[in-house]
Amino acid sequence: MSKKKVAPPSRSPSPANPFALLARASHLFDKGQAAQAAPLCRQVLRLQPQNAGAWQLLGITQIVDDQPADAILSLQKALELDGRNTRTLCLIATACAQTGRAQEALAFFDQALAIDPSQADIWYDRGNVLQAQQENEAALASYDRALAIVPRHANAWLNRGHLLLALHQHREAITSIERAVDIAPRDPRAWQSLGKALFEAQRFVDALACHEKVVHLDHKHVEGWLSFAEVLLRLGRPDLALERLDVAARLSPDSSRGLILRANALHRQRKQNEELETLQKAHAFEPDNAVVTGSLMTCMLQTASWDDLQPILDRVLASSRAGAYGSQAFAMLAHPDAVATDILQA
């Protein structure tokens with residue numbers, strides 16, 4: 001007589017493991033799946049409300065998902081459970097900066113630095129907030145502290161250079177950005193920034209080489225192609241500029257900067273009808289752009305009738321009165337509503 005097989009007793013499902021859930025959430029976040037990581041963090045917190053790591057990771061996902069107000073609440077929970085965690089303090093600072101609360105952000109960075117002043121990234125992030133607030137000397141000092149700790153901090157050299165360029169200290173800016181290029185020679189951002197600094201210093205041939213490097217490293221770098229074209233225009237080669245602008249237009253057809261540069265190149269080639277068509281397209285995309293409107297006005301005065309000018313005259317007059325572009329001040333005289341003050345200003 002054969003023995004009847006007895007099925008093993010069924011096991012009840014094991015309760016969720018908070019450690020495994022949080023590890024899974026971290027793995028998803030590292031793969032760029034913040035939206036999938038957040039629900040797992042919440043599941044951990046239902047099981048372990050005092051889990052500081054879960055609160056912190058939830059706050060990070062909310063920062064990435066552009067929910068800074070929610071992130072601050074989550075990260076403050078994490079901070080209540082682990083008050084000396086410098087990463088949590090810096091994340092709260094980041095979220096505060098996203099919501100425009102710069103002074104609170106700086107206070108949290110300062111708390112983190114009081115705990116551990118040897119973290120270069122904190123000094124760097126603090127410098128970025130200060131720079132955004134135009135506290136230039138303090139920002140420069142913060143970048144310098146970061147670089148004293150990590151001399152090869154490419155982003156600190158880069159943003160330091162941006163700050164110096166904004167202060168019109170071209171030589172110092174170029175030196176700083178060159179250090180970033182030396183450290184990260186395959187970063188198109190660094191080459192783009194160096195090209196911009198050299199352009200502002202009127203070193204056009206050197207700038208041209210930088211922007212050529214940008215598009216070599218990243219063929220889809222729209223600003224690189226536009227800057228490449230802009231330098232070629234300054235070097236008197238509108239034909240070559242238009243070739244680069246064609247590439248940029250395929251990547252970003254609605255770029256107002258690209259259209260303005262194209263109009264400039266066409267103007268230099270005396271192709272007035274094409275220039276007018278390009279400026280009209282730019283004006284349709286950005287009707288409030290004073291540079292576009294002024295350039296369109298100038299072109300239309302040369303190629304169009306008075307009836308064609310009428311639709312944009314109101315905007316030109318308003319922009320001229322606001323000082324948006326002094327070179328088009330003649331528009332004040334053309335407008336039927338121009339008054340004596342406008343005429344004197346023109």
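As the structure is a prediction and not an experimental result, all values here were calculated from the model.

*Asks:* If you had to explain the overall build of the protein to someone new, which residues and values would you point to?
*Replies:* Of regular secondary structure, the protein possesses 20 helices and zero strands. With 346 residues in all, the protein has 44% of them scored as buried. Taking the intrachain contacts of the protein between residues at least 6 apart in sequence as the baseline, contacts between residues at least 24 apart amount to 43%. On the protein, roughly 19000 Å² of surface is accessible, and the fraction owed to carbon and sulfur atoms is 51%.

*Asks:* So what's going on with the confidence of the model for the protein? Residues and values would help.
*Replies:* The predicted model of the protein averages 88 in pLDDT, with 82% of residues at 70 or higher. The model gives residues 10-14 a pLDDT under 50, and that stretch makes zero contacts with residues more than four places away or in other chains. Here residues 325-329 is a poorly scored stretch, pLDDT under 50, and it has twelve contacts once near neighbours within four places are set aside; other chains count.

*Asks:* Which residues make up the packing of helix α4 (residues 68-81) against helix α5 (residues 86-98), and what are the values?
*Replies:* To describe two helices that pack against each other, one gives the angle between their axes and the distance between the axes. Running from N to C, α4 and α5 point in directions that differ by 160°, and their axes come no closer than 9 Å. Compared by their axis directions, α4 and α5 come out roughly antiparallel. Here α4 runs over α5; the crossing is left-handed. Along the contact surface, α4 presents Pro 68, Ala 71, Ile 72, Leu 75, Gln 76, Ala 78 and Leu 79, while α5 presents Thr 88, Leu 89, Leu 91, Ile 92, Ala 95, Cys 96 and Gln 98.

*Asks:* Quick rundown of helix α6 (residues 102-115)? Include the residues and the values.
*Replies:* Taking 1.5 Å of rise per residue, the 14 residues of α6 would be expected to cover 20 Å, and the 20 Å separating its terminal C-alpha atoms lies within 8% of that figure. Burial in α6 covers these residues: Ala 102, Ala 105, Leu 106, Phe 108, Phe 109, Ala 112 and Leu 113. Projection of α6 onto a plane perpendicular to its axis shows the buried side chains occupying an angular sector of 160°, all on one side. Opposite the packed face of α6, turned more than 90 degrees from it, sit the exposed residues Gln 103 and Ala 114.

How each quantity is defined
- Residues numbered from 1 in each chain as written.
- Predicted model: local features only at pLDDT ≥ 70, side-chain atom pairs only at ≥ 80, totals over all residues.
- Heavy atoms only, no water.
- Helix = DSSP H or I, 4+ residues; strand = E, 2+ residues; numbered from the N terminus.
- Buried < 20%, exposed > 50% of the residue type's maximum accessible area, 1.4 Å probe, protein only.
- Contact = heavy atoms within 4.5 Å.
- Areas by Shrake-Rupley, 256 points an atom, 1.4 Å probe, with all protein chains shown as cover.
- pLDDT = per-residue confidence, 0-100.
- Axes fitted to C-alpha atoms, helices over the stretch in contact; angles between N-to-C directions.
- Parallel < 35°, antiparallel > 145°, perpendicular 65-115°, else oblique.
- Left-handed = near helix turned anticlockwise from the far one by under 90°.
- Expected span 1.5 Å × (residues − 1).
- Arc of directions from axis to C-beta.

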